[in-house]
Amino acid sequence: MPAGEYRNASPATPHPPTDTAEESTWLWTQIKAEARRDAEAEPALASYLYSTILSHSSLERSLSFHLGNKLCSSTLLSTLLYDLFLNTFSNDPELRAAASADLLAARYRDPACVSFSHCLLNYKGFLACQAHRVAHKLWTQSRRPLALALQSRISDVFAVDIHPAAKIGKGILFDHATGVVVGETAVIGNNVSILHHVTLGGTGKIGGDRHPKIGDGVLIGAGATILGNVRIGEGAKIGAGSVVLIDVPPRTTAVGNPARLVGGKEQPTKHEECPGESMDHTSFISEWSDYII
């Protein structure tokens, strides 16, 4: 993981080892320890924590069980979904690594995330992203009816609508996540943070490559709309409520409707931090306006 990944963590926050295999083992150990602590502190949750975490031997088994129960319906059984998720996660180490990276992203970037187990059980942005990863795998295997059925259930349950063809990197934080829409040909890089009610959409009914491409380390504020086959450069920041219709250069901030670059089009202000990791939404304010409340 990049060094900046943990810059928001408090000194008391545990840090994982850098080796991927060791990181996964460390993370699962942390999750089980947190679940035991919470079960002792709150007996009303003991049965729930045992069935979702403590009775399982690995993160992928726990996650598969939890997603199966969350997304099942009267005609789409939890046992069928559990087998589907577990087989997919078990056979694809990249998906397992991505799930671990997403857990770490939530824990270290979101000050409201009190534990890894809290994210695993309660963060619908995290859960929607992991379910999407499985739907995307199905899509690439030409199992498209099942992928689309899974997309529909994700949208119904989590209020997050990501087309199964969309490509998403790892270390992703969908913070709050309600109302997030990601179109079919969208691509999201690594270590990206996206707030609620963000749309990565097209501009009409024409097919083909028609959705945004989001670079590594980008931060997209709440309610932002990015339309068309535009590129948001690595480490860029999109302000809350902005409407972006053209490319945004790397390490710049775009704000407004229609969005404009902070510092001007010819020499936009560049920032050194990685917004997708720092989660700093307002660093541009002093340059953008002298209005003070």
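Residues numbered from 1 in each chain as written. Predicted model: local features only at pLDDT ≥ 70, side-chain atom pairs only at ≥ 80, totals over all residues. Heavy atoms only, no water.

An unreviewed UniProt entry annotates the chain as serine O-acetyltransferase originating from Nicotiana tabacum. Here the chain is described in UniProt, under the heading Pathway (unreviewed entry), as follows: "Amino-acid biosynthesis; L-cysteine biosynthesis; L-cysteine from L-serine: step 1/2." The Sequence similarities (unreviewed entry) field of the UniProt record for the chain holds the comment "Belongs to the transferase hexapeptide repeat family." (UniProt positions renumbered as here; feature names shortened; annotations may be inferred.)

Draft legend 1. Representation of the pattern of salt bridges. Tallied over the entire structure, the rule returns eight salt bridges. When the shortest N-O distance is used, the salt bridge between Glu-184 and Arg-210 registers 2.8 Å. A residue pair is termed long-range when its members are at least 10 positions apart, and Glu-184 in the loop between strand S4 (180-182) and strand S5 (187-188) and Arg-210 in the loop between strand S7 (199-201) and strand S8 (213-214) qualify at 26 residues. Residue classification places Arg-210 among the partly exposed residues on the basis of a relative accessible area of 23%. (Salt bridge = Lys/Arg side-chain N within 4 Å of Asp/Glu carboxyl O. Helix = DSSP H or I, 4+ residues; strand = E, 2+ residues; numbered from the N terminus. Buried < 20%, exposed > 50% of the residue type's maximum accessible area, 1.4 Å probe, protein only.)

Draft legend 2. Layout of unusual backbone geometry. The amide bond that connects Asn-257 to the next residue, Pro-258, takes the cis arrangement and shows omega of -5 degrees. Structurally, the position occupied by Pro-258 is in the loop between strand S14 (253-256) and strand S15 (259-261). A positive phi angle, close to 75 degrees, is found at His-176, a residue other than glycine. Within the secondary structure, His-176 sits in the loop between strand S3 (173-174) and S4. In this structure, Arg-251 is a non-glycine residue whose phi angle is positive, near 60 degrees. Along the chain, Arg-251 turns up in the loop between strand S13 (243-244) and S14.

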